[in-house]
Amino acid sequence: MIDINQTLFDRARKVIPGGVNSPVRAFKAVGGTPKFITHAKGANFWDANDQKFIDYIGSWGPMILGHGDPRVIEAVQKAALEGFSFGAPTEREIELAEMLIHLTPSMEMVRLVSSGTEAAMSAIRLARGATGRQKLIKFEGCYHGHADALLVKAGSGLATFGNPTSAGVPPEVVKDTLVLEYNNLEQLREAFELHGKEIACLMIEPIAGNMNFVRASIPFMSLCRELCTKHHALLVFDEVMSGCRVALGSAQSVYRKDIPGFEPDMTVMGKVIGGGMPLAAFGGKAAVMEQLAPMGPVYQAGTLSGNPVATACGIATLKAISEPGFFESLGLKTQELTNGLMQSAKRNGIPLSADCQGGMFGFFLLPQLPKNYTEVMKSNSEQFNRFFHGMLSQGIYFAPALYEAGFVSAAHTSADIQETVEIADKVFKSL
Ligand SMILES: *Cc1c(COP(=O)(O)O)cnc(C)c1O
């Protein structure tokens, strides 16, 4: 049989670098030929060979309702007929901003942009502009998009700042970025002692989804808040992935249960809030947000920002996930999956740990849940790759890299989950 995916991949590589428009899609970590998707419905999509898959990527998070939800399609079709883009304000932008602020009370104002990268980059410029400081803290394993200042790995020791992780990023651009170990309280204290007066912001994924799935511990998160407040640095939550995905009130609402009154100063969002369209946002207290142009001195702009079709898609998605019981039912389904995988692995003598929150999950071929990037990378990648391909060949599409989180949507049924666990049982047996 001819693999049409292979034919398309060969053709794509002639005109698109690596054949893809975002690197992880190329299956480089796991090997093999990427699937070219033709269409999707509910919890499934189909590739160019017309093979059907249960989709646990959901476009890396946005498709929380599953694919082709009729309410969203109707809103998008109506908006498209009214016009694609005007370069002038619309009421829909206000409606989406009001919804985001209602769901995330730590934000008093938001600005809409078109990608998570843009939102995180703009939030950092704003934090620097608002505080008059240069330096920022990020954590190893957290991803905040591909802005220059954020493509950085730890330097040697706390006195030295980061090194670029990409060619084309000048060392001067990352010289103010300090990269620390996730969940390391000692190091965080030390960093603030050394640099506290110069730190504009600390940016963190509260539930990290770019080193698979790792939670910031409660004491670590409390310390982030305490030190930022003490040193007048802004605590910026990158909830591009976790926002409206782990809970209706995002990860910050999960931490508020354990840390009374807990709030970040700024929040970066994307993925779910656009429902699959290019849309992201950053927001915070009015006093900080008013530093943005045209009110304040911090410049930020976008031709397609607050796009009328994207906002329609986002609004319809947020309305649907705001219905009573939505997250309870989604969370139970995700737990059913992680529990099923853990039980199956145990039966087959494979060490596996897993965690989830709302519609986001992670599993590791490790006996215990990792707490930071170094521990995540101790996973057996060769074994993971065999698991991945074993599942894929039988129609289960998990993320093609062990450092990526997974996603369950409202369209996944208990039967989908059971089928997944049954196939996992066979694949674990063969490992
Ligand atoms: C996906 C992601 C980004 C980048 O968003 P893009 O829309 O891909 O630019 C930033 N931060 C986090 C936490 C993400 O998961």
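Right above here is the structure, for reference.
Counting restarts for each chain, with residues numbered from 1 along the sequence as it is written. Since the coordinates come from a predicted model, pLDDT governs what is reported: local features require at least 70, and pairs of side-chain atoms require 80 or more to be given and counted, while whole-chain, interface and lining totals use all residues. In computing side-chain values, all of the structure's heavy atoms are included and hydrogens and water are not.

**Student:** Now, about unusual backbone geometry: what can you tell me, with residues and values included?
**Tutor:** In this chain, A293 is followed by P294 through a cis amide linkage whose omega measures 10 degrees. Strands here mean DSSP runs of E at least two residues long; helices mean DSSP runs of H or I at least four residues long; both are numbered from the N terminus. Counting through the fold element by element, P294 comes out in the loop between α9 (286–289) and α10 (308–321). In this model, D50 sits at a positive phi of 65 degrees, which is unusual for a non-glycine residue. Counting through the fold element by element, D50 comes out in the loop between β2 (44–47) and β3 (52–55).

**Student:** Now, about the sheet that holds strand β14 (residues 280–284): what can you tell me, with residues and values included?
**Tutor:** Two strands qualify as a pair provided DSSP detects at least 2 bridges between them. The sheet built from seven strands is open, its strands ordered β4-β14-β13-β12-β9-β5-β8 with mixed pairing. The open sheet has two edge strands with one neighbour each: β4 (109–113) and β8 (177–180). Each strand axis lies, on average, 20 degrees off the axis of its neighbour in the sheet, ignoring direction. Bridging between β4 and β14 involves five bridges; their strand directions are antiparallel. Residue pairing in the sheet places V110 in a bridge with G283 of β14. All axes are obtained by fitting lines to C-alpha atoms, using only the stretch in contact for helices, and the reported angles, taken between N-to-C directions, cover 0 to 180 degrees.

**Student:** Which residues make up the packing of aromatic side chains, and what values do they have?
**Tutor:** Describing an aromatic ring pair means giving the distance of the ring centres and the angle of the ring planes. Only Phe, Tyr and Trp rings take part, Trp by its six-membered ring, and two of them pair if their centres are within 6.5 Å. Stacked means planes under 30 degrees apart, edge-to-face means over 60, and tilted covers everything else. Counted under the stated rule, the structure contains 21 aromatic pairs. The interplanar angle of 90 degrees and the centroid separation of 5.7 Å between the aromatic rings of F53 and Y397 together place this pair among those described as edge-to-face. Taken together, the residues F53 in strand β3 and Y397 in strand β17 (residues 396–397) connect sequence positions 344 residues apart. The exposure class of Y397 is buried, given its relative accessible area of 8%. Both rings, one in F361 and one in F398, keep their centres 6.2 Å apart while their planes meet at 75 degrees; by these two values the pair is edge-to-face. Placement of F361 in strand β16 (residues 360–364) and of F398 in the loop between β17 and β18 (406–407) is noted, with a sequence separation of 37 residues between them. Of the two residues, F361 and F398, neither departs from the other in class, the shared state being buried. An aromatic cluster of three or more residues is present, and its members are F27, F45, F53, F384, F388 and Y397. In this structure, R13 is placed above the aromatic ring of F9, and the distance from its NZ or CZ to the ring centre is 4.1 Å. When accessible area is computed with a 1.4 Å probe and restricted to protein chains, residues below 20% of their type maximum are described as buried, those above 50% as exposed, and intermediate ones as partly exposed. Whether a charge sits over a ring depends on NZ of Lys or CZ of Arg being within 6 Å of the ring centre and within 35 degrees of the ring normal.

**Student:** Describe in detail the environment of C228, supporting the description with residues and values.
**Tutor:** By the secondary structure assignment, C228 is in helix α7 (residues 218–230). Judged by its relative accessible area of 0%, C228 is buried. Among all residues touching C228, those that are not within four sequence positions of it are F192, L202, A233, L234 and L235. Here a residue-residue contact requires only that any non-hydrogen atoms of the pair lie within 4.5 Å.

**Student:** Account for the pattern of salt bridges, naming residues and giving values.
**Tutor:** A pairing counts as a salt bridge when a side-chain nitrogen of Lys or Arg comes within 4 Å of a carboxyl oxygen of Asp or Glu. Counted under the stated rule, the structure contains 16 salt bridges. Residue K78 pairs with E82 through a salt bridge whose shortest N-O separation is 3.0 Å. Highlighted residues: K78 and E82, both in helix α2 (residues 70–82), separated by four residues, approximately one helical turn. K175 is the salt-bridge partner of D176, the closest N and O atoms lying 3.4 Å from each other. Salt bridges sharing partners connect three or more residues here, namely K135, K175, D176 and E198.

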